[in-house]
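These are the residues of each chain, in order.
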Amino acid sequence: LHSSTKSLTYKQYVRTESRHRHPWRGVSRLLHRFAGSSDDAGGSFPTLEEVKKAGFEDSIAIGTLVSERLEDKKDDKTTKEVLQALLQKEAGARGFFVSFLTSENEDGSRTLADSNPPVPLISDALKEADNKVVGPLLVMNTVMPTAMVLAHRRNGNEDFAEMSQRVATRAQILLKDNPESLSLVKAAREAAAIKADGEAPVSGKKQDPGMPAYWIKFYEKYEYDSDMCGAISAALSNVISGSS
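Bear in mind that the values here come from a model prediction, so they are computed numbers and not experimental data. (Residues numbered from 1 in each chain as written. Predicted model: local features only at pLDDT ≥ 70, side-chain atom pairs only at ≥ 80, totals over all residues. Heavy atoms only, no water.)

**Let's talk about unusual backbone geometry**
- In this structure, the amide linkage connecting Asn-116 to the following residue, Pro-117, adopts the cis form with an omega of 5°.
- The topology assignment puts Pro-117 in the loop between α6 (90-101) and α7 (120-128).
- Of note in the backbone geometry, Glu-223 takes a positive phi value of approximately 60° without being a glycine. (Helix = DSSP H or I, 4+ residues; strand = E, 2+ residues; numbered from the N terminus.)

Below is the structure:
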């Protein structure tokens, strides 16, 4: 976990947390290329072929464009197809979640990521996607910012703590609307409760996100302590109680 974050904007912090040396250089180039929407004279929208070939960095940029089109009420066939293509593979889904869950308006007002339940295009796309791809990522996007809320508060950075909480809350909205991920949520919650209580490790396949052992390994990898795991357990319990 990074402690020297006070001089960074939240977007810069998210980039740092992704543990890529220069993850947004390619994003800047792609955003420049696709400046504006496909309806604007000076802009264009990526083709499905470009989306399918996009790595994590470019997927963040494409996800930003999708989010902007949705904010502009352009929930058309093209937007839906691009979003569906992003969610077909892990790099695309990761990139979309980074852009969507951290979306901000300049005036600080709510974005579509705060809509509860999610807007139909987002809800339908996630339910049609392969849950082996999007399910674990949605759980991670709840778990990690929840832990970071405590980390930021320990470092005296309440602004970042609030931003992390906003990301976690947004991810929980998507999880509650995606019942196919419920078994993963329960496994991650059980693992968090075990770590929070300091109980003995559990057995099971550490490669299967449907097993608590997978998430115990995950929490240990990121060195989440008992308080963090307690907060994670509470957040995931909230998802379970509110799942549709």
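Read on for the rest.
**Considerations on the environment of Arg-166**
- Here Arg-166 is to be found in helix α9 (residues 158-176).
- Relative accessible area serves as the criterion here: at 27%, Arg-166 is assigned to the partly exposed category. (Buried < 20%, exposed > 50% of the residue type's maximum accessible area, 1.4 Å probe, protein only.)

**Looking at helix α11 (residues 212-221)**
- The buried fraction of α11 is high, at seven of ten residues.
- Inspection of α11 places Pro-212, Ala-213, Tyr-214, Trp-215, Ile-216, Phe-218 and Tyr-219 among the buried residues, and these make up the whole buried set.
- Lining the buried residues of α11 we find α8 (131-154), α10 (182-197) and α12 (226-242). (Contact = heavy atoms within 4.5 Å.)

**Quick word on α7**
- Those residues of α7 not exposed but buried are Leu-121, Ile-122, Ser-123, Ala-125 and Leu-126.
- Among the structural elements, α4 (56-71), α5 (77-86), α6, α8 and α9 are those in contact with the buried residues of α7.

**Side note on the confidence of the model for the protein**
- Confidence along the protein averages 83 in pLDDT terms, with 80% of residues attaining 70 or more.
- At the low end of the mean pLDDT range in the protein sits helix α1 (residues 10-17), at 47; at the high end sits α8, at 97.
- Note on residues 1-13: pLDDT is under 50 here. Beyond four places in sequence and across chains, it has 34 contacts.
- Confidence over residues 16-28 falls short of pLDDT 50; this stretch has 22 contacts with residues more than four positions distant or in other chains. (pLDDT = per-residue confidence, 0-100.)

**Some details on the packing of α8 against α9**
- Viewed as axis vectors pointing N to C, α8 and α9 meet at an angle of 160°, and their least axial separation amounts to 8 Å. With respect to their mutual orientation, α8 and α9 come out roughly antiparallel. Crossing hand, α8 versus α9: left-handed. Of the residues in α9, those in contact with Leu-138, Val-139, Asn-141, Thr-142, Pro-145, Thr-146, Met-148, Val-149, His-152 and Arg-153 of α8 are Glu-158, Phe-160, Ala-161, Ser-164, Gln-165, Val-167, Ala-168, Ala-171, Gln-172, Leu-174 and Leu-175.
- A breakdown of the residues in the contact of α8 with α9 according to their chemical character gives twelve nonpolar, seven polar and two charged. (Axes fitted to C-alpha atoms, helices over the stretch in contact; angles between N-to-C directions. Parallel < 35°, antiparallel > 145°, perpendicular 65-115°, else oblique. Left-handed = near helix turned anticlockwise from the far one by under 90°. Nonpolar A, V, L, I, M, F, W, Y, C, P; charged D, E, K, R; others polar.)

**Section: the packing of aromatic side chains**
- Inspection of every chain in the model, using the stated rule, returns eight aromatic pairs.
- Ring centres of Phe-218 and Tyr-222 lie 5.0 Å apart, and the angle between their planes is 55°; this geometry places the pair in the tilted category. Each member of the pair, Phe-218 as well as Tyr-222, is classed as buried.
- Through successive ring pairs, a cluster of aromatic residues spans Tyr-214, Trp-215, Phe-218, Tyr-219, Tyr-222 and Tyr-224.
- Sitting over the face of the ring of Phe-45, Arg-69 holds its NZ or CZ atom 4.3 Å from the ring centroid. (Phe/Tyr/Trp six-rings, centres within 6.5 Å; stacked < 30°, edge-to-face > 60°. Lys NZ or Arg CZ within 6 Å of the ring centre and 35° of its normal.)

**With respect to the nonpolar core**
- One finds Leu-87, Phe-97, Trp-215, Tyr-219 and Tyr-224 to be the most contacted residues of the largest nonpolar core, which totals 58 residues.
- Examining the composition of this core, we find that ten residues originate from one element, α8, more than from any other.
- With sequence-adjacent residues up to four places away left out, Phe-97 is seen in contact with Leu-87, Thr-102, Leu-126, Val-134, Leu-137, Leu-138, Asn-141 and Leu-174. (Core = buried A, V, L, I, M, F, W, Y, C linked by side-chain atoms within 4.5 Å.)

**Quick notes on the pattern of salt bridges**
- Throughout the structure, instances matching the rule amount to ten salt bridges.
- With a closest N to O distance of 3.7 Å, Arg-154 and Asp-227 form a salt bridge. Taken together, the positions of Arg-154 in helix α8 and Asp-227 in helix α12 put the pair 73 residues apart, joining distant regions of the chain.
- Under the relative-accessibility criterion, Arg-154 is labelled partly exposed at 47%.
- Where Lys-195 meets Glu-220, a salt bridge forms, and the shortest distance between an N and an O atom there is 3.4 Å. (Salt bridge = Lys/Arg side-chain N within 4 Å of Asp/Glu carboxyl O.)

**A closer look at the side chain of Thr-142**
- Within the secondary structure layout, Thr-142 lies in helix α8.
- If we ignore the near neighbours within four places in the chain, the residues touching Thr-142 are Ala-168, Ala-171, Gln-172, Leu-175, Ala-235 and Leu-236.

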